[in-house]
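Residues per chain are reported as follows:
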2 protein chains.
Amino acid sequence: MPSYKLTYFPVKALGEPIRFLLSYAEIPFEDDRFDREDWPKIKPTTPYGQVPVLEVDGKKVAQSSAISRYLAKQCGLAGKDDWEALLIDATVDTIHDVRAKLAAFHYEEDETYKATKRKVADEVVPFYLERLDAQVKDNGGYFVGGALSWADLTFVAILDYLNFMNSSDLIEKYENLKQLKEKVLNVPAIKSWISKRPESEL
Amino acid sequence: MPSYKLTYFPVKALGEPIRFLLSYAEIPFEDDRFDREDWPKIKPTTPYGQVPVLEVDGKKVAQSSAISRYLAKQCGLAGKDDWEALLIDATVDTIHDVRAKLAAFHYEEDETYKATKRKVADEVVPFYLERLDAQVKDNGGYFVGGALSWADLTFVAILDYLNFMNSSDLIEKYENLKQLKEKVLNVPAIKSWISKRPESEL
């Protein structure tokens, strides 16, 4: 088996979907978490100036969704055919659209703009969550095809980060998403990973 | 062959990578372009309140990258193995990171905020473009594996939109990206599509 090393900040956020997938695939990996003060040194060594970066036998690849999809293919979580793969991909991109709306105010330093962006997110995010909740309801308790996929793992892995930016539980009112969360957290490989991962707020 | 219908605003932007791929794959499709005033009526009929939406035999799917990847698999533009597929996916996501940086100021209505976001984009975008240009140089004149992929088609299809937001030619200084553009525009199926597509600024 190739050697795997995941380099990221000492948080869950965009690294956690990859860590969930490596854990689910039973791929041992070096969980390389660097201090924020070292980022300027690390940034130029990454493919596009971003982390997470996965090294597979020393070959570096970037972009969390691209990496997650690659790992999902290796452990049967990427859909049973191209059509399901498409529906899974579209769901993941929509989860990241939600993240972008939250990040737009969370990382804004100017208080006036922050309030404006917060207002936009407060309108748009529930629109997405209603649709994602209905999607789980219509697909046998999972996002796609009545079976676990990397869309489910991505959503649950990134939820702490989304809630952190939102300052409250985004899925409180969404029963199907809440049930999906419980289901994913009870997958033995995920449960085991969570029990041993380092503590971090986001 | 299933029936294909692409619904989008009457512009290139996020619809054009899909139109390039449908053209390359020689898939006949209904190019459904709606007037902006009809958007409020159409929005609730889409999977996530967004376009482009592709209908395949009446089944609607959203998210431009997810749709493009699905079509790319059908015409051999998604890499020769999972590793190449990963590198292509990472490249496409990085192209969309560039788009997001440009969109952050382009769609901002507050002039002060717009100027701040423009400054951020002016710093970050060249950083990405240098890396993408070097990537083409290092990979035989294409983004991945010395062969045409949907990353190349996506970049060239979306470039008019990126340049429109930027108000000037983003790749003027990047010789490898300029050569890639010429190569893609000279692919017979793409050339034929461009010669017959409706005119639009972005």
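Named according to an unreviewed UniProt entry, chain A is glutathione transferase originating from Tetragonisca angustula. Quoted verbatim from the Sequence similarities (unreviewed entry) field of the UniProt record, the comment on chain A reads "Belongs to the GST superfamily. Sigma family." Regarding chain A, the relevant UniProt record gives this comment under Subunit (unreviewed entry): "Homodimer."

Each side of the interface is counted separately: chain A has 35 residues, and chain B has 37 residues. Surface buried jointly by chain A and chain B totals about 3200 Å² across both partners, of which 60% is contributed by carbon and sulfur atoms. Summed over the three residues of chain A that lose the most area to chain B, namely Tyr48(A), Trp83(A) and Tyr113(A), the buried surface amounts to 23% of that side. On inspection of chain A and its partner chain B, the count reaches six salt bridges. The closest approach of N and O atoms between Asp82(B) and Lys73(A), which form a salt bridge, is 4.0 Å. For the interface between chain A and chain B, the tally reads 19 residue pairs in polar contact (both at pLDDT 80 or more). Of all the elements in the fold, those that place two or more residues in the side of chain A that touches chain B are strand E4 (59–62), helix H3 (64–74), helix H4 (82–106) and helix H5 (111–138) of chain A. Sorting elements by how many residues they give to the side of chain A that touches chain B places H4(A) first, with 11 residues.

This brings us to the relation of the copies chain A and chain B. Between the two copies, chain A and chain B, the superposition gives an RMSD of 0.0 Å; the rotation angle is 180 degrees and the shift along the axis is 0.0 Å. Taken together, the rotation and translation relating the two chain copies correspond to the operation of a two-fold axis. Residue Tyr113(A) of chain A places its C-alpha closer to the rotation axis than any other residue of that unit, at 3.8 Å. Mapped onto chain B, 100% of the interface residues of chain A are again interface residues, and the two copies thus contact each other with one and the same surface.

So, on to unusual backbone geometry. Residue and element names in this part refer to chain A. A cis amide bond, omega 5 degrees, links valine 51 with the succeeding residue proline 52. Within the secondary structure layout, proline 52 lies in the loop between helix H2 (39–42) and strand E3 (53–56). Positive phi outside glycine occurs at glutamate 26, with the angle close to 55 degrees. Within the element layout of this structure, glutamate 26 appears in the loop between helix H1 (16–24) and strand E2 (30–33).

Strand pairing in a sheet is mediated by backbone hydrogen bonds. Such pairs are either parallel or antiparallel. All names here are of chain A. Spatial strand order, E2-E1-E3-E4: four strands in an open sheet with mixed pairing. Edge positions in the sheet fall to E2 and E4, since each of these pairs with one other strand and no more. Along the sheet, successive strands turn relative to each other by an average axial angle of 20 degrees, direction set aside. The sheet contact formed by E3 and E4 spans four bridges and is antiparallel. Its bridge partner lying in E4, valine 56 is registered against lysine 59.

Glancing now at the pairing of E2(A). Residues and elements named next belong to chain A. Pairing geometry for strand E1 (residues 4–8) and E2, over four bridges, is parallel. Bridge assignment links tyrosine 8 to a residue of E2, and that residue is arginine 33. Note on the crossover from E1 through H1 to E2: the handedness is right-handed.

Basis of the calculations
- Residues numbered from 1 in each chain as written.
- Chains lettered and ligands numbered in written order.
- Predicted model: local features only at pLDDT ≥ 70, side-chain atom pairs only at ≥ 80, totals over all residues.
- Heavy atoms only, no water.
- UniProt positions renumbered as here; feature names shortened; annotations may be inferred.
- Contact = heavy atoms within 4.5 Å.
- Buried area = accessible area lost by both parts, 1.4 Å probe.
- Salt bridge = Lys/Arg side-chain N within 4 Å of Asp/Glu carboxyl O.
- Polar contact = N/O pair within 3.5 Å; in protein donor to acceptor, adjacent residues only side chain to side chain.
- Helix = DSSP H or I, 4+ residues; strand = E, 2+ residues; numbered from the N terminus.
- Least-squares fit on C-alpha atoms with pLDDT ≥ 70 in both.
- Pairing = 2+ DSSP bridges.
- Axes fitted to C-alpha atoms, helices over the stretch in contact; angles between N-to-C directions.
- Right-handed = clockwise from strand over helix to strand, strands pointing away.

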